[in-house]
Every structure is written in C-alpha cells, then in structure tokens.
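Commentary on secondary and tertiary structure
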Amino acid sequence: RGDAFVFGMGPSGMLPGINDPQFVLADPRLHVKVNALYDRDSGFRLAFVGFITAPTGHAIAPRRFVGAEDPTFGGHVVAELVTSGFHLAANVGGIWRDGDTLFSTEALGQLTYALAVGYEITPMLDVFAEVVGATTFRSAVDENPLEARLSARMRVDDVAFSLGGGPGLVAGVGSPAFRLIGGFIWAPLVIDEDADGINDEQDSCPADAEDIDDHEDLDGCPELDNDGDSLPDLDDNCPNDPEDMDG
C-alpha cells in the first residue's frame with residue numbers, strides 16, 4: 001500500500017472537482033525480501049526488504065492528495081525472534097520521496113521504524129500489536145508521525161486473513177485519526193518440524209531428521225545402519241557394505 005492523505009468530500013460524496021472519480025486506487029507497492037539469517041535453535045531471523053511504489057493515486061485524481069506524485073522507493077532491515085509461541089519483531093529503514101508538498105508540509109524522505117509483539121494462540125490464529133513511526137529529523141510535529149495497531153491473523157488452509165486497526169498517536173503526513181486494515185495472503189503452508197528440508201507431508205519421520213548420506217535420503221527418516229549389519233554407521237568403516245561375520 002502507499003501513503004494516503006486526508007482529503008475533503010464534496011456535497012455529492014465525490015472528491016472536490018467536477019470530474020473526479022468516486023474511487024481511487026492507492027499507490028501499489030512491490031516488495032522484495034531476502035532472508036539473510038535464520039538460527040533455528042534460538043528462533044532468530046534477519047531479513048532485508050526493498051520496495052518501490054507507483055503513483056496511481058495521483059495519476060487517477062491529480063492534486064487530491066491520495067498518493068505520491070512520483071514513484072517512491074525504500075527498504076528496511078527486519079529482525080525477529082520467535083520462541084514458545086511469542087513473536088518479537090523490529091525493523092528500521094527509510095523511504096525516499098521527491099518532496100511533494102501538502103499545504104505547509106513538504107513530504108520528504110523519512111527514516112521509518114516499527115516494533116511489534118505477537119502470540120500464536122493456535123497454529124492457525126495469532127494476534128499482535130505494533131507501533132509504526134517515521135521521522136524527517138525535523139522539529140515540526142507533523143513530520144514525525146506515529147501510530148499504533150492491534151491486529152489478528154487467521155489461516156484457513158493456504159490462505160491467511162488479517163484484520164486490524166488503531167489510532168494515530170502523533171499527527172503527521174500519513175498518520176490517521178484511525179486506520180482500519182484488512183487483507184488476505186495466499187501462502188502455501190510448509191511445516192518441517194525436524195528441519196531436515198523435507199516437508200512433514202512427505203516426511204515419514206517428521207520428528208526425526210533425515211541423515212543426509214546418499215542412502216534413502218528422500219524418505220525423511222534417519223538410517224543409522226545403512227547396510228543392516230548391526231554396526232551403527234558412525235562406527236562402521238564401510239557403512240554401505242555389510243560386515244561378513246567370520247570372526
């Protein structure tokens with residue numbers, strides 16, 4: 001989604017102006033995410049995200065402040081810790097704008113930040129709260145917006161539905177009196193309990209990791225004695241050739 005600005009409504013419910021459209025497509029945003037680190041033991045993740053937006057709102061309804069006048073781009077670093085069903089995440093980054101002016105405020109580039117905490121009530125339902133803000137490092141209050149949100153997400157098969165909302169804590173460009181957010185994501189559910197690279201649906205031993213040794217590595221089960229000679233592979237000099245018991 002892109003940044004949106006409050007606009008006045010005409011007597012007919014139209015945007016001010018004779019030929020303005022009733023509905024406007026906000027600026028779409030394309031994200032690219034790269035996972036840089038995942039420590040399975042601690043549950044810590046680190047990722048980098050980049051994005052770019054297209055000024056569709058301004059193209060459809062010029063000078064009505066429903067989007068940026070030009071493309072914007074930016075990115076952020078995301079850190080997350082997941083443990084015992086609890087999620088703690090934070091990100092910091094920035095967004096570049098070409099200096100659009102809204103009344104006395106010039107919408108310039110900003111440093112952006114967010115902090116969120118969540119809990120998995122069930123594997124299919126989780127709730128989370130977050131604080132999202134930005135700053136231009138200027139003293140003007142309206143250039144340092146901040147808002148809070150409370151949301152829930154429910155997964156039904158491979159689709160996740162989310163609904164949330166919250167108020168603006170510090171007024172500014174892009175900070176609402178109250179924001180309501182809803183959406184859905186198609187994301188095939190992949191579970192790999194033993195982290196051996198084989199999804200549980202195809203894993204014959206989902207709780208025991210496969211030992212990758214070029215012997216029946218696709219079934220998901222560890223073969224501790226490949227040749228069946230009763231000598232564990234760790235102690236067997238020829239793990240794929242059975243011992244001939246001849247003393």
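The structure presented is a predicted model; accordingly, all values stated were derived computationally and were not measured.

Each value, and the rule that gives it
Residues numbered from 1 in each chain as written. Predicted model: local features only at pLDDT ≥ 70, side-chain atom pairs only at ≥ 80, totals over all residues. Heavy atoms only, no water. Helix = DSSP H or I, 4+ residues; strand = E, 2+ residues; numbered from the N terminus. Buried < 20%, exposed > 50% of the residue type's maximum accessible area, 1.4 Å probe, protein only. Areas by Shrake-Rupley, 256 points an atom, 1.4 Å probe, with all protein chains shown as cover. Patch = residues over 30% accessible without salt bridge, like charges linked within 9 Å, V, L, I, M, F, W, Y side chains within 5 Å. Salt bridge = Lys/Arg side-chain N within 4 Å of Asp/Glu carboxyl O. pLDDT = per-residue confidence, 0-100. Contact = heavy atoms within 4.5 Å. Disulfide = S-S within 2.5 Å. Pairing = 2+ DSSP bridges. Axes fitted to C-alpha atoms, helices over the stretch in contact; angles between N-to-C directions. Phe/Tyr/Trp six-rings, centres within 6.5 Å; stacked < 30°, edge-to-face > 60°.

Bringing the overall build of the protein into the picture now. When you go through the protein residue by residue, the secondary structure sums to one helix and 11 strands. Starting at the N terminus, the α and β elements of the protein follow one another as β-β-α-β-β-β-β-β-β-β-β-β. Taking all 247 residues of the protein together, the buried fraction comes to 28%. About 15,600 Å² of surface is accessible on the protein, with carbon and sulfur atoms providing 62% of the total.

A cluster of nonpolar side chains, namely Phe86, Tyr119, Ile121, Leu125, Val127, Met154, Val156, Phe161 and Phe184, defines an oily patch on the protein surface of about 830 Å² accessible area. Secondary structure elements with two or more residues in the nonpolar patch: strand 7 (110-122), strand 8 (125-135) and strand 9 (146-156). The class of Val127 is partly exposed, set by a relative accessible area of 34%.

With 81% of its residues at a pLDDT of 70 or more, the protein has an overall mean of 80. Confidence drops under pLDDT 50 across residues 4-15; counting only partners more than four residues distant or on other chains, this segment forms 23 contacts.

Let us look at the state of the cysteines. Should the sulfur atoms of two cysteines be covalently bonded, the bond is a disulfide. With the rule as written, the count across this model stands at one disulfide. Here Cys205 pairs with Cys221 through a disulfide, and the sulfurs are 1.9 Å apart. Measuring the twist about the S-S bond at about 85 degrees, one finds the Cys205-Cys221 disulfide to be right-handed. Remark: Cys221 occurs in the segment after strand 11 (178-186) and Cys205 occurs in the segment after strand 11; sequence separation between them is 16 residues.

With respect to topology, nine strands assemble into an open sheet ordered 1-2-3-4-7-8-9-10-11, the strand pairing being antiparallel. Looking at the sheet topology across the chains shown, the edges are occupied by strand 1 (29-39) and strand 11. Sheet twist, expressed as the average angle between the axes of neighbouring strands with direction ignored, equals 20 degrees. As paired elements, strand 10 (residues 159-170) and strand 11 share nine bridges and run antiparallel to each other. Across the sheet, residue Ala160 finds its bridge partner in strand 11, namely Ile185.

Below, the discussion takes up the pattern of salt bridges. Applying the stated criterion to the full structure yields four salt bridges. The partner of Glu130 in a salt bridge is Arg149, with the nearest N and O atoms 3.6 Å apart. One end of the pair, Glu130, is in strand 8; the other, Arg149, is in strand 9, and 19 residues separate them in sequence.

Time to look at the packing of aromatic side chains. Tallied over the entire structure, the rule returns three aromatic pairs. Note on Phe86 and Tyr119: the rings are 4.6 Å apart at their centroids and 45 degrees apart in plane angle, and the pair reads as tilted. Note that Phe86 is positioned in strand 4 (residues 86-96) and Tyr119 in strand 7, a separation of 33 residues in sequence. Ring centres of Phe161 and Phe184 lie 6.5 Å apart, and the angle between their planes is 40 degrees; this geometry places the pair in the tilted category.

Take the environment of His31 next. Relative to the helices and strands, His31 resides in strand 1. Overall, His31 belongs to the partly exposed group, its relative accessible area being 44%. Spatially, the C-alpha atoms of His31 and Phe51 are 4.4 Å apart, while their sequence positions differ by 20 residues. Those residues in contact with His31, other than ones at most four positions away along the chain, are Val49, Gly50 and Phe51.

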